[in-house]
Amino acid sequence: MELIQLTPHSEVDPSQPLRAPGDILLHAYLIPSALNPAQLARRSGIPSDHIKAFIADTHPITPKTALRLSLIFDTTAFYWLALQARYDLERAKPAIRSYRPLVD
């Protein structure tokens, strides 16, 4: 089994544009699969209002949802959680730019 190696300085490719996980869900998975939120809800057990909230960027993808999406779309749960984490981190950056690191 191959594991991803994470270090304290692991980063994502900054050349990739920041997109909300719900936007990726819609444009890379639902539309190409000809699925709507109600159909995905029936197949995955994720409530359709949650799916609509992911797409509208009003609700984050949780670990439980990531597991369900991974089964439906043949991805990993880590993929969905990493998309969510990157999105959340980038959106939080402007609020903390004034803090200084403990180590100079």
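Above this text is the structure in question.
The following refers to the structure shown. Just so it is clear, the model here is predicted, and its values are computed rather than measured.

### Looking at the pattern of salt bridges
Then step 1. The tally for this structure, following the rule as stated, stands at 3 salt bridges.
Then step 2. Note that Arg 19 and Asp 23 form a salt bridge whose closest N and O atoms lie 2.9 Å from each other.
Then step 3. A salt bridge links Lys 93 to Glu 90, with the shortest nitrogen-to-oxygen separation between them at 2.9 Å. With Lys 93 and Glu 90 both in helix 5 (residues 77-96) and 3 residues apart, this pair spans about one turn of that helix.

### Side note on the packing of aromatic side chains
Then step 1. Evaluation of the coordinates by the stated rule reveals 5 aromatic pairs.
Then step 2. An angle of 50 degrees between the planes, with centres 5.0 Å apart, marks the rings of Tyr 29 and Phe 73 as tilted. Residue Tyr 29 is found in helix 1 (residues 21-30), and its partner Phe 73 is found in helix 4 (residues 63-73); the two are separated by 44 residues along the sequence. Side by side, Tyr 29 and Phe 73 carry an identical accessibility label, which is buried.
Then step 3. An aromatic cluster of three or more residues is present, and its members are Tyr 29, Phe 73, Tyr 79 and Trp 80.

### Some thoughts on the nonpolar core
Then step 1. Leu 25, Leu 40, Leu 69, Phe 73 and Trp 80 are the most contacted members of the largest nonpolar core, which has 17 residues in total.
Then step 2. When residues of this core are assigned to their parent elements, the largest contribution, 4 residues, is made by helix 1.
Then step 3. Leaving out residues up to four positions away in the same chain, Trp 80 has contacts with Pro 21, Leu 25, Tyr 29, Ile 61, Ala 66, Leu 69, Ser 70, Phe 73 and Thr 75.

### A few points about the side chain of Ser 70
Then step 1. As for its position among the elements, Ser 70 is in helix 4.
Then step 2. On the basis of relative accessible area, Ser 70 is assigned to the buried category, the value being 10%.
Then step 3. Discounting chain neighbours no more than four positions away, the residues touching Ser 70 are Thr 75, Thr 76, Ala 77 and Trp 80.

Calculation notes
Residues numbered from 1 in each chain as written. Predicted model: local features only at pLDDT ≥ 70, side-chain atom pairs only at ≥ 80, totals over all residues. Heavy atoms only, no water. Salt bridge = Lys/Arg side-chain N within 4 Å of Asp/Glu carboxyl O. Helix = DSSP H or I, 4+ residues; strand = E, 2+ residues; numbered from the N terminus. Phe/Tyr/Trp six-rings, centres within 6.5 Å; stacked < 30°, edge-to-face > 60°. Buried < 20%, exposed > 50% of the residue type's maximum accessible area, 1.4 Å probe, protein only. Core = buried A, V, L, I, M, F, W, Y, C linked by side-chain atoms within 4.5 Å. Contact = heavy atoms within 4.5 Å.

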